[in-house]
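Residues per chain, in single letters:
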Amino acid sequence: MIDQIRNVLVIGAGQMGSGIAQVFAQSHYKVFLYDNQPEALDRGWKAITQRLKKQVEKGQMVEQQRSVALRHLQKVTSLEEAGQVDLVVEAVVEAMQVKADIFAALDTLMPEKTILASNTSSLPITEIAAVTQRPQQVIGMHFMNPVPVMPLVEVIRGLATDDAVYETVKQTAEALGKTAVEVMDSPGFVSNRVLMPMINEAIYAVYEGVATPEAVDAVMKLGMNHPMGPLTLADFIGLDTCLSIMEVLHEGFGEDKYRPCPLLRKYVKAGWLGKKTGKGFYNYS
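What you see is a predicted model, and the numbers here were worked out from it, not measured in a lab. (Residues numbered from 1 in each chain as written. Predicted model: local features only at pLDDT ≥ 70, side-chain atom pairs only at ≥ 80, totals over all residues. Heavy atoms only, no water.)

Caption draft 1: Layout of the packing of aromatic side chains. One pass over the structure, following the stated rule, counts five aromatic pairs. A ring pair is formed by tyrosine 204 and tyrosine 207, whose centres lie 6.2 Å apart and whose planes are at 70°; its orientation type is edge-to-face. Taken as a pair, tyrosine 204 and tyrosine 207 lie in helix H8 (residues 191-207) at a separation of three residues, close to a single helical turn. Plain terms: the ring middles of tyrosine 267 and tryptophan 272 are 5.1 Å apart, the flat faces sit at 65° to each other, and that makes the pair edge-to-face. Judged by relative accessible area, which is 15%, tyrosine 267 ranks as buried. (Phe/Tyr/Trp six-rings, centres within 6.5 Å; stacked < 30°, edge-to-face > 60°. Helix = DSSP H or I, 4+ residues; strand = E, 2+ residues; numbered from the N terminus. Buried < 20%, exposed > 50% of the residue type's maximum accessible area, 1.4 Å probe, protein only.)

Next comes the structure, spelled out in structure tokens:
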């Protein structure tokens, strides 16, 4: 059993994966960044270098710190290239079959000691762990977006997660400068069980003609002191991701209060996924 993490493999070089790789590298962990799409890997690497450059320009770090962080990062084009890592953090699309396939592969490729973590925002850790022969070493490590800025990591125990694995992952999150909060395995955990129904209800307010997206966001920002309106936040998260999480909540709890709004489904079917596609509740083109 590993009691100290030194080498980390991050799977998925999208917005979350590249952010996770960056914070580990800034904390002097040896980080391997992998994505099965070469163009996505290049985009993720470019995003990391741009964010680090901006931090130097803003005086948030010095040039030497930026250089050291980049030296701790390495792109890999196969999982085998990562070799003997202590921790894997998976940060791919929020789809159970995709994650299950990855964890089954990792179980055969990685050393017995390696802890396997998922950055899933809603899917059951216990179900992910069940495809491996090491369910006691599978855990949720749910970072918030944007990862370099947000201080929270939900650390989610599966049914079989070992206490020592939980403690190691908690200490690792804290070594990144994050606040680790223990959460049990339940649909949406805490963050999205509370956040997504609020976003879904905001979408219902638009769907039912109660108010425009601008008005809904203004009420929540000015009246509830939210830094960002729920519909702006939904666009930032990605409406496809919001829909996936609502479907997990609806299926997991079987209650109508978690039923995704038809307008959310319509936007996703239209390809209006938010900021990443240039259009969602707002136009970004």
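Caption draft 2: A look at unusual backbone geometry. Between asparagine 145 and proline 146 the backbone carries a cis peptide bond, its omega angle lying at 0°. One can find proline 146 in the loop between strand S6 (138-143) and strand S7 (152-157). Look at histidine 28: it is not a glycine, yet its phi comes out positive at around 70°. When you line up the elements, histidine 28 lands in the loop between helix H1 (15-26) and strand S2 (30-34). For histidine 28, a relative accessible area of 52% corresponds to the exposed category.

Caption draft 3: Examining the sheet that holds strand S8 (residues 179-184) more closely. Overall, mixed pairing links the eight strands, which are arranged S3-S2-S1-S4-S5-S6-S7-S8 in an open sheet. Single-partner strands in this sheet number two, and they are strand S3 (73-76) and S8. Averaged over neighbouring strand pairs, the angle between their axes works out to 25° when direction is ignored. Here helix H2 (residues 38-57) sits on the sheet in contact with S2 and S3, set at roughly 170° to S3. (Pairing = 2+ DSSP bridges. Axes fitted to C-alpha atoms, helices over the stretch in contact; angles between N-to-C directions. Contact = heavy atoms within 4.5 Å.)

Just distances and angles here, no functional claims.
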